[in-house]
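Fold and geometry: a report
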Amino acid sequence: MHAGTDEQGQAQEEAPEPSPKLGSRMQHIQLLLVKQGAKPALRMVISEEQLPGLSGFCRQQGLALVTSGRKVKVLGIPGKNEGYVDKGVAIPRDDPAPGRPIVFIAQDMNTAVALKAAEDLGNHDEMGRLLGYPSCCIRFFGEHLEDQREGDLSFLRPMMLASAKTTYPKTMNIFARHQDAAVLFHCPCSLDCAPSQRMAQQYLHIIEEQEPALAESIDAQLQGTVEQDGHSYRFV
Ligand SMILES: [Zn+2]
């Protein structure tokens, strides 16, 4: 894994558990947060080869994993990290065309199944709730979904328009997602969003406790100045 425990000689912690090979640090972090009970559930797009390892890991950890009946045919965004996909087209899981499986992982089977059902129904509010996102951010997502569908589905523009200040805590830096660094997994309704700030802070604490080397490298990437679409933010 990345700055992970395996090479760091921390094999003494608990029973041996094969860390599943995931495509990105952000996926690795989300799995860690669900495992630690800090995040109720996650949805991620993986590769077919990653599925057996991930399933085995979840079984061993007592986590519930449900696979979607659809898979994602990725509309490639050249140069972007493949572990973070803003936009793709869902095709049936048994379609012969290549695609990437969508998995839902939660601490209990009911939540994982409900998350899958919510996605099947296109119920974004329910998905947001099950994924643990703040209600203000769920509302924001719903309000901007139509216009974001025309673009890259990043929600960054409306978020920036709602953000009044120029300096923010580094944990709110979601601009580094494409460099595979973030401790928030939804686009906040604003960089001023208090529930998102608390959540991001809590997540970083857990990463620091569980995987200090990873936390350090993410931390370094989140700090600094970001210029985007005429906006400039300093993350400290
Ligand atoms: Zn919010």
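Calculation notes
Residues numbered from 1 in each chain as written. Predicted model: local features only at pLDDT ≥ 70, side-chain atom pairs only at ≥ 80, totals over all residues. Helix = DSSP H or I, 4+ residues; strand = E, 2+ residues; numbered from the N terminus. Buried ≥ 20, exposed ≤ 12 C-beta atoms within 10 Å, placed from the backbone. pLDDT = per-residue confidence, 0-100. Contact = placed C-beta atoms within 7 Å. Arc of directions from axis to C-beta.

With phi around 65°, phenylalanine 155 is a residue other than glycine that occupies positive phi space. Note on placement: phenylalanine 155 falls in the loop between helix 5 (135-149) and helix 6 (156-161). For phenylalanine 155, a count of 22 C-beta atoms within 10 Å translates into the label buried. Of note in this structure, aspartate 229 is not a glycine but carries a positive phi near 45°.

Let us look at the confidence of the model for the protein. Mean pLDDT for the protein: 88, with 86% of residues reaching 70 or above. Taken together, the stretch residues 1-14 has pLDDT below 50 and engages in 16 contacts with residues farther than four places along the chain or on a different chain.

Glancing now at helix 2 (residues 51-61). Within the sequence span of helix 2, burial applies to Leu54, Phe57 and Cys58. Buried residues of helix 2, viewed axially, fall in a sector of 95°; they line one side. Among the exposed residues of helix 2, those oriented more than 90 degrees off its buried face are Pro52 and Arg59.

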